[in-house]
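# Architecture at a glance
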Amino acid sequence: MAESKTGPAWTGSYLQDYGSRRGLLAWLTTTDHKRIGLMYMAAMFAFFTVAVLLGLLIRLELMNPGMQYVTPRVYNSLFTLHGVIMIFLFIVPGIPAVMGNFILPLQLGADDVSFPKLNLASWYVYIAGAILALMSLFVGGGVPDTGWTFYAPYALRSGSNVSLAVFAAFVLGFSSIMTGMNFITTIHRLRAPGMGFFRMPLFCWGLYATSWIQVIATPVVGITLLLVIMERALGIGFFDPARGGDPVLYQHLFWIYSHPVVYVMILPAMGVISEILPTFAGRTVFGYKAIALSSMAIAIVGYMVWGHHMFTVGMSDTARRVFSILTFLVAIPTGIKVFNWMATLYKGSIRIEPPLLWALGFIFLFSIGGLTGLVNGALSTDIHVHDTAFVVGHFHYTMFGGAGVGLFAALHYWWPKVFGRMYNRKVANWAWGIFMVGFNLLYFPMLVLGIMGMPRRYADYLPRFHGPELVSTVGSWVMVSGIILMAWNLVRAIKRGAPAGDNPWGGTTLEWQTTSPPPQLNFAASPSVTTGPYDHTALRAAAAKEAR
Amino acid sequence: MRAEGATLGTPAGGHAAAHHEHRDDIGSKTGMWLFLFTELLLFGGLFIVYAVYRHKFGAEFHEAAHELNKVMGVTNTFVLLTSSLTMVLSVGALQRARVAESLRWLGATFGLACCFLVIKYFEWSAKHHHGIWPGGEHLHSLPPGEGMFFNLYFMMTGLHGIHVLVGMGVMGAIAARIRSGHVSASRYAALEFTGLYWHLVDLVWIFLLPLFYLTN
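Residues numbered from 1 in each chain as written. Chains lettered and ligands numbered in written order. Predicted model: local features only at pLDDT ≥ 70, side-chain atom pairs only at ≥ 80, totals over all residues. Heavy atoms only, no water.

### Looking at the overall build of chain A
For the record, the criterion: Secondary structure elements are taken from DSSP: a helix is a run of H or I of four residues or more, a strand is a run of E of two residues or more, and numbering for both begins at the N terminus. All radius of gyration figures rest on C-alpha atoms, and the globule criterion is 2.2 Å times the number of residues raised to 0.38. Exposure categories follow from relative accessible area, calculated using a 1.4 Å probe and restricted to protein chains: below 20% of the type maximum is buried, above 50% is exposed, and the middle band is partly exposed. In these tables, accessible area is a Shrake-Rupley quantity obtained with a 1.4 Å probe, and a residue counts as shielded only by the protein chains included in the view. For the purpose of charge, His is not counted, nor are the chain termini; Lys and Arg are scored as positive and Asp and Glu as negative. By convention, the point assigned to a charge is CZ for Arg, NZ for Lys, CD for Glu and CG for Asp.
Across its full length, chain A holds 19 helices and two strands. A compact globule built from 548 residues would reach a C-alpha radius of gyration of about 24 Å, and chain A, at 23 Å, matches this within 12%. A burial count over chain A gives 62% of its 548 residues as buried. For chain A, the accessible surface area stands at approximately 19500 Å², while carbon and sulfur atoms represent 69% of it. Side-chain charges of chain A comprise 34 positive and 21 negative groups, with the mean position of each set lying 8 Å from the other.

### A closer look at the overall build of chain B
As a reminder, the rule being used: Two residues qualify as a contact provided that any one of their heavy atoms is within 4.5 Å of a heavy atom in the partner residue.
Helix and strand counts for chain B stand at eight helices and zero strands. Mapped from its N terminus to its C terminus, chain B presents α and β elements in the order α-α-α-α-α-α-α-α. Counting all 216 residues of chain B, 52% fall into the buried class. Counted over contacts in chain B with a minimum sequence separation of 6, partners at least 24 positions apart contribute 81%. For chain B, the computed accessible surface area is about 9200 Å², with 66% contributed by carbon and sulfur atoms.

### Things to note about the interface of chain A and chain B
Operational definition: We define buried area as the total accessible area lost by two parts upon association, computed with a 1.4 Å probe and summed across both. We define a salt bridge as a side-chain nitrogen of Lys or Arg found within 4 Å of a carboxyl oxygen belonging to Asp or Glu. What qualifies as a polar contact is a pair of N or O atoms within 3.5 Å, subject to a donor-acceptor requirement within protein and to the restriction that residues adjacent in sequence count only when both atoms come from side chains. Each residue gets one label: Ala, Val, Leu, Ile, Met, Phe, Trp, Tyr, Cys and Pro are nonpolar, Asp, Glu, Lys and Arg are charged, and the others, such as Gly, are polar.
Each partner contributes to the interface: chain A provides 37 residues, whereas chain B provides 41 residues. Summing both partners gives a buried area of about 3500 Å² for chain A against chain B, and 72% of it is carried by carbon and sulfur. At the junction of chain A with chain B, the criterion picks out one salt bridge. B:Asp24 is the partner of A:Arg189 in a salt bridge, and the nearest nitrogen-oxygen pair spans 2.8 Å. Inspection of the chain A/chain B interface yields six residue pairs in polar contact (both at pLDDT 80 or more). Among the secondary structure elements, those contributing two or more residues to the side of chain A that touches chain B are helix 6 (116-138), helix 8 (162-189), helix 9 (202-234) and helix 10 (247-258) of chain A. A total of ten residues in the side of chain A that touches chain B trace back to one element, the largest contributor, which is helix 9 of chain A. Across the side of chain A that touches chain B, the residue classes break down as 21 nonpolar, ten polar and six charged.

### Examining helix 13 (residues 317-345) of chain A
Quick reminder of the rule: Multiply 1.5 Å by the residue count of a helix minus one, and that product is the helix's expected span.
The end-to-end C-alpha distance of helix 13 of chain A, which contains 29 residues, comes to 43 Å, matching closely the 42 Å that a straight helix rising 1.5 Å per residue would cover. Within two residues after helix 13 of chain A, A:Lys347 carries a phi angle of roughly 60 degrees, on the positive side.

### Focus: empty space enclosed by the protein
Residue and element names in this part refer to chain A. Our working definition: Points on a 1 Å grid, built from protein atoms alone, make a cavity when a 1.4 Å probe fits but cannot get out and make a pocket when they are open with protein on both sides within 12 Å along at least 5 of 7 lines; residues with an atom within 4 Å of a point are the lining residues. Grid points are joined across faces, edges and corners, and a volume is the space filled by probe spheres set on the points.
Applying the stated criterion across every chain, the model contains four cavities of 30 Å³ or more. Roughly 130 Å³ of volume is contained in the largest cavity. Surrounding the largest cavity, 15 residues form its lining, Val 92, Pro 93, Leu 172, Ser 175 and Ser 176 being those nearest its centre. Breaking the lining of the largest cavity down by element, the ones donating at least two residues are helix 5 (94-108) and helix 8. For the lining of the largest cavity, the element with the most residues is helix 8, which contributes six residues. Grouping the constituent residues of the lining of the largest cavity by class yields ten nonpolar, five polar and no charged. The volume enclosed by the second largest cavity comes to roughly 80 Å³. In this structure, the second largest cavity is lined by Leu 81, Val 84, Ile 85, Ala 133, Leu 134, Ser 136, Leu 137, Pro 144 and Ala 165. Listed by contribution, the elements that provide at least two residues to the lining of the second largest cavity are helix 4 (72-91) and helix 6. In terms of residue class, the lining of the second largest cavity is built from eight nonpolar, one polar and no charged.

### Digging into the layout of surface pockets
Taken as a whole, the second largest pocket holds about 970 Å³ of empty space. Lining the second largest pocket are 42 residues, and of these A:Phe170, A:Phe174, B:Leu42, B:Leu159 and B:His163 lie nearest its centre. Taken together, the elements giving at least two residues each to the lining of the second largest pocket come down to helix 6, helix 8 and helix 9 of chain A together with helix 1 (2-9), helix 2 (25-56) and helix 7 (144-179) of chain B. The element contributing the most residues to the lining of the second largest pocket is helix 9 of chain A, with eleven residues. Residues belonging to the lining of the second largest pocket are distributed by class as follows: 33 nonpolar, six polar and three charged.

### Considering the packing of aromatic side chains
Our working definition: Under the pairing criterion, centres of Phe, Tyr and Trp rings, with the six-membered ring standing for Trp, must be within 6.5 Å; the plane angle then separates stacked pairs below 30 degrees from edge-to-face pairs above 60, leaving the rest tilted. The rule is short: NZ of Lys or CZ of Arg within 6 Å of the ring centre and within 35 degrees of the ring normal puts a charge over the ring.
By the definition in use, this model includes 61 aromatic pairs over all chains. Relative to A:Phe254, the ring of A:Tyr250 has its centre 5.8 Å away and its plane inclined at 25 degrees; by these criteria the two rings are stacked. Note that A:Tyr250 and A:Phe254 are positioned in helix 10 at a spacing of four residues, about one turn of the helix. On the basis of relative accessibility, which here comes to 0%, the residue A:Tyr250 falls in the buried class. Through a chain of ring-to-ring contacts, three or more aromatic side chains come together here, namely B:Tyr50, B:Phe61, B:Phe116, B:Trp124, B:Trp133, B:Phe149, B:Phe150, B:Tyr153, B:Phe154, B:Trp205, B:Phe212 and B:Tyr213. The ring of A:Trp27 carries A:Arg35 above its face, with NZ or CZ at 4.3 Å from the centroid. For the cation-ring pair, A:Lys289 lies above A:Phe198, with the distance from its terminal atom to the ring centre recorded as 4.6 Å.

### A word on the environment of B:His199
Tracing the chain through its elements places B:His199 in helix 8 (residues 189-213). As a C-alpha pair, B:His199 and B:Ile48 span 151 residues in sequence and 22 Å in three-dimensional space.

### Quick look at the nonpolar core
Which entries qualify depends on this criterion: Nonpolar core, defined: a set of buried Ala, Val, Leu, Ile, Met, Phe, Trp, Tyr and Cys residues in which side-chain atoms within 4.5 Å join the residues together.
Ranked by internal contacts, the top residues of the largest apolar core, which has 251 residues, are A:Met99 and B:Phe212. Top element by residues in this core is helix 16 (residues 389-419) of chain A. It accounts for 18 residues. When neighbours within four sequence positions are excluded, B:Phe212 is seen to be in contact with B:Tyr50, B:Ala65, B:Leu68, B:Phe149, B:Leu152, B:Tyr153 and B:Met156.

### Focus: the pattern of salt bridges
Here the structure, examined in full by the defined rule, presents twelve salt bridges over all chains. Linking A:Asp387 and A:Arg456 is a salt bridge whose minimum nitrogen-to-oxygen distance equals 3.8 Å. With a gap of 69 residues between them, A:Asp387 in the loop between helix 15 (379-385) and helix 16 and A:Arg456 in the loop between helix 17 (425-452) and helix 18 (466-496) connect regions that are remote in the sequence. According to the relative accessible area criterion, A:Asp387 is partly exposed, its value standing at 40%. Since its relative accessible area comes to 24%, A:Arg456 is described here as partly exposed. Residues B:Glu123 and B:Lys120 are paired through a salt bridge, measuring 3.4 Å at the closest nitrogen-oxygen approach. With B:Glu123 and B:Lys120 both in helix 5 (residues 99-129) and three residues apart, this pair spans about one turn of that helix.

### Observations regarding a nonpolar patch on the surface
All names here are of chain B. Rule in force here: Surface patches are defined over residues having more than 30% relative accessible area and no salt bridge, joining like charges when they lie within 9 Å and nonpolar side chains (Val, Leu, Ile, Met, Phe, Trp, Tyr) when within 5 Å.
Residues Phe 37, Leu 40, Leu 81, Leu 203, Ile 206 and Phe 207 make up a contiguous nonpolar surface patch of roughly 500 Å² in combined accessible area. Those elements that provide at least two residues to the nonpolar patch are helix 2 and helix 8. Residue placement: Leu 81 occurs in helix 4 (residues 70-95). Given the relative accessible area of 38%, Leu 81 is considered partly exposed.

### Observations regarding the confidence of the model for chain B
Defined as follows: What pLDDT expresses is the predictor's confidence in each residue, scored from 0 to 100.
On average, residues of chain B score 88 in pLDDT, and 90% of them are at 70 or above. The ipTM, which scores confidence in the relative placement of chains, is 0.90 for this predicted complex, and the corresponding pTM is 0.92.

### Side note on the side chain of A:His396
Looking at the secondary structure, you find A:His396 in helix 16. Filtering out sequence-adjacent residues up to four positions away, A:His396 remains in contact with A:His82, A:Gly401, A:Phe439 and A:Tyr443.

### A word on unusual backbone geometry
Residues and elements named next belong to chain A. Residue Ala 152 is joined to Pro 153 through a cis peptide bond whose omega torsion reads 0 degrees. Along the polypeptide, Pro 153 turns up in the loop between helix 6 and helix 7 (154-157). Pro 517 follows Ser 516 through a cis peptide bond whose omega is -10 degrees. As for its placement among the helices and strands, Pro 517 is situated in the loop between strand 2 (498-499) and helix 19 (537-547). One non-glycine residue, Phe 150, lies in positive phi territory at about 50 degrees.

Okay, structure coming up:
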């Protein structure tokens with residue numbers, strides 16, 4: 001690794017083509033983790049756009065009581081598709097596949113991930129899964145209408161195209177497993193000389209915990225989804241009460257994966273926040289080990305709380321109490337993180353920049369999401385809010401306000417590194433402001449509606465829910481305006497932005513030591529590490545020297 | 001798995017070839033074990049389903065297990081265990097640079113895998129003959145617990161059978177790579193990983209045998 005590196009691959013940008021392949025072909029056959037990250041990004045945001053439009057349609061239908069634009073059946077398909085696309089195609093691969101692929105090897109001081117070909121294969125598997133999901137819209141019995149959870153027994157009876165959609169989710173799971181295996185191996189094997197586990201940036205810790213969940217949980221849902229397909233095709237009866245099967249068993253198997261997977265979505269976002277705060281506070285992170293280990297604690301405890309999705313389906317009281325207590329335990333490592341982030345800002349020399357604003361937005365929204373989660377996790381209150389709009393509001397505060405905003409924060413933080421160009425920061429701040437206002441207008445009324453008794457997944461409602469529903473729909477327009485402004489600003493910067501420089505934010509982790517955009521093999525000289533990841537002393541000394 | 005094997009055999013990215021070669025056998029082995037772990041969990045889901053319904057339908061499972069042919073099940077266990085042995089011998093031979101011997105043992109493993117599937121075929125077709133088949137008429141008419149037993153039997157041995165088939169495909173590919181010298185005494189990891197996978201297939205069967213054939 002340490003031999004001298006010369007030639008264009010070491011000095012030019014990874015965005016240029018080297019070797020015999022050019023243009024699109026060079027991208028489609030690349031094993032460069034940075035290019036694969038961007039390919040994921042392109043595909044993911046295409047699906048994100050579709051799912052946002054579906055979400056807007058849902059809100060539009062709910063703006064007024066009565067049925068205006070779609071039939072109830074179409075409405076069922078709308079929220080099913082919105083869920084399937086957002087969960088399986090956007091937010092699960094979200095931060096790991098895009099920012100993880102791009103940043104992880106850079107932060108570790110490595111040339112690439114451990115298995116570059118497997119990495120490319122995972123992208124193709126992802127695309128294959130996406131194509132299958134799209135096919136399920138157009139062939140066979142029509143658009144799936146079961147909700148993204150594919151609950152038995154309805155998923156076994158529905159005449160719509162459930163089997164294909166389920167198979168798509170199965171294939172996408174493989175892609176997720178491949179990425180997880182790759183990252184775990186990379187983190188174990190390719191850290192720069194001198195970088196022990198506890199000198200690793202916290203984003204890597206977040207990805208490490210995430211990858212373990214991907215590897216451990218995904219196979220279980222894989223086999224479960226296969227059983228749903230077999231059940232639909234051959235009537236094997238595992239989940240069919242008419243044949244002695246148990247639909248609740250399906251729910252158990254489904255949530256054994258699907259609860260841990262919400263931590264797949266949120267842990268990398270927490271890692272992103274742990275990167276951004278020290279940089280913009282100009283000081284080391286408070287409680288490094290506590291943040292690093294709390295990621296692992298969330299991953300471990302989070303694996304054992306799936307039953308809290310099923311408090312009302314008829315589990316024993318003992319099971320419900322145990323699941324409830326375990327659920328509350330997750331709040332502890334999460335709280336540890338939030339308090340450490342706050343302490344990192346305390347007495348820091350804070351610079352307000354777009355990435356920091358998004359990070360603070362994350363903390364605000366995710367705190368609401370986390371605290372409403374305790375309402376769901378408590379047995380008595382859950383009986384009241386179960387299957388209401390409250391759950392939908394809670395879920396969107398954690399997953400969109402958490403994982404989604406975490407991704408936006410990551411985009412703003414690393415965009416100058418990825419493309420070597422800086423976006424317009426003023427516009428970025430405005431986009432953030434509009435987004436935050438719209439977000440809360442959109443989702444806070446759902447919490448209120450849920451407590452008032454508005455059920456989730458209903459296409460119509462009583463007139464007394466009209467006020468909050470209307471606010472929520474208007475909020476959806478405001479929020480989407482913010483997203484459009486943000487996207488326009490970022491995309492525009494790729495071509496028109498001012499050159500960003502290698503380290504525009506004063507970051508201390510290894511990715512800021514290479515050029516922006518990085519060369520094809522990441523580092524001209526392989527870095528070695530002698531301090532923790534957020535040591536600002538060298539940067540401060542350099543700044544002082546320059547001032548003199 | 002194949003991708004990892006390939007990573008060992010050839011330099012990872014085309015671009016990296018000129019400068020240095022990615023080769024990290026321990027890293028590859030880490031990846032392989034993680035993969036095996038996911039396989040265990042894949043079967044684990046089915047074992048959970050089995051446990052739940054065994055608990056619910058103990059007597060029916062007991063009854064239905066009479067239908068299975070113990071002789072064939074035990075024979076297959078010996079076939080598969082022996083194939084694990086020949087696989088180990090193949091890896092050992094390649095490590096000592098005895099290429100022809102390694103290929104012979106690998107061929108033997110392949111043959112035993114075939115043998116396993118042939119026996120499995122006769123077992124399955126006998127059941128099919130009696131209308132015991134997922135979606136089959138006779139199976140539908142059985143009491144729910146017995147139907148559950150046979151459906152589980154077909155799902156679990158079916159998934160296992162698919163793994164045997166995949167293993168045979170991988171063995172064929174690896175044999176070609178040994179012949180061409182891509183897999184050799186100095187880089188035998190791809191064969192070693194095939195062996196690890198094969199032992200997993202073997203291990204799963206060792207659990208399937210008592211759970212289905214020996215419960216009565």
